[in-house]
Amino acid sequence: MKPLLLLSLLISPFCLLAQQQPVLKIKGSVKTELTLSAADLQRMPRATATIKEHDGKDYTFSGVPVQAVLEAAGAPVGKQLNKATLNTCLLIRCADGYQVAYSLAELDSSFTNNVAIIADQVNGQPLPGNRGPFRFIMPGEKKLARSAFKLEELIVVSIKE
Ligand SMILES: Nc1nc2c(c(=O)[nH]1)N[C@H]1C(S)=C(S)[C@@H](COP(=O)(O)O)O[C@H]1N2
Ligand SMILES: [Mo]
């Protein structure tokens, strides 16, 4: 076999790995860990959320309600968020190392009218590369700091002192 052919055969699995589609992982204290691709998110329930960015303009994001993702993973939602489970938190980890936390009650429609979403579009377009492919959008906050972009992992953590 020619050395060049042999080399390309050897490295092709690694090229395939490098080309893999971006995914969002939901892990930690869940019944079922999930790895969601952009296509998976398109098939789930959808919602919109509008936030004002630092340029002072409103931007309407669309994506999947965070609660729907948590429910799909078997994390406590709705009536399951009770005295026994209200210490459950969501840690968000981003590709640039940024991390922020919410308590699950902040993300649940039985506690708040602010519907947080995993956004994959803004004003009808895919998120720009330096902000995508997925961004956590939390409407109704005075600061944008918890609307984390470049999402990689949502980790459900039950905290107790
Ligand atoms: N992944 C990631 N998301 C992030 C940040 C970050 O550094 N990394 N910064 C946060 C902060 S502090 C703000 S104010 C908003 C808006 O960031 P911008 O000022 O770059 O528009 O994004 C939030 N999301
Ligand atoms: Mo910020």
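For the structure, see preceding data.
Residues numbered from 1 in each chain as written. Chains lettered and ligands numbered in written order. Predicted model: local features only at pLDDT ≥ 70, side-chain atom pairs only at ≥ 80, totals over all residues. Heavy atoms only, no water.

## Considerations on the sheet that holds strand β2 (residues 34-37)
Defined as follows: In this analysis, strands are considered paired if DSSP registers two or more bridges between them. Helix and strand assignments come from DSSP, with helices taken as H or I runs of at least 4 residues and strands as E runs of at least 2, each series counted from the N terminus. Each axis is a line fitted through C-alpha atoms, taken for helices only over the stretch in contact, and angles between the N-to-C directions span 0 to 180 degrees. Residues are treated as being in contact if the distance between any of their heavy atoms lies within 4.5 Å.
As summarised here, the arrangement of the 5 strands in space is β2-β1-β10-β5-β6, forming an open sheet in which the pairing is mixed. With one partner strand each, in any of the chains shown, β2 and β6 (99-103) form the two edges of the open sheet. On average, each strand axis in the sheet is tilted by 20° relative to the strand beside it, whichever way the strands run. Here strand β5 (residues 88-94) runs beside strand β10 (residues 151-158); their pairing, made up of 7 bridges, is antiparallel. Each residue of the ladder has a partner; that of Leu90, found in β10, is Val156. Contacts from helix α3 (residues 66-73) reach β1 (23-28), β2, β5 and β10 within the one sheet, and its direction differs from that of β2 by about 135°.

## Some thoughts on the pairing of strand β4 (residues 58-65)
Judged from the 6 bridges that link them, strand β3 (residues 47-52) and β4 form a sheet pairing that is antiparallel. Residue pairing across strands places Ala49 opposite Phe61, the latter belonging to β4. Linking β3 back to β4 in an antiparallel pair, the connection comprises 5 residues, with Gly56 at a positive phi of about 85°. In this sheet, strand β7 (residues 117-122) lies alongside β4 in antiparallel orientation, the contact comprising 5 bridges. In the sheet register, Val64 faces β7, and the bridge partner there is Ile118.

## Let's talk about the side chain of Asp120
Here Asp120 lies in strand β7. When sequence neighbours within four positions are dropped, the list of residues in contact with Asp120 reads Leu41, Gln42, Arg46, Ser62, Gly63, Gln125, Pro126, Leu127, Pro133 and Phe134.

Purely geometric stuff here, so don't read any function into it on its own.
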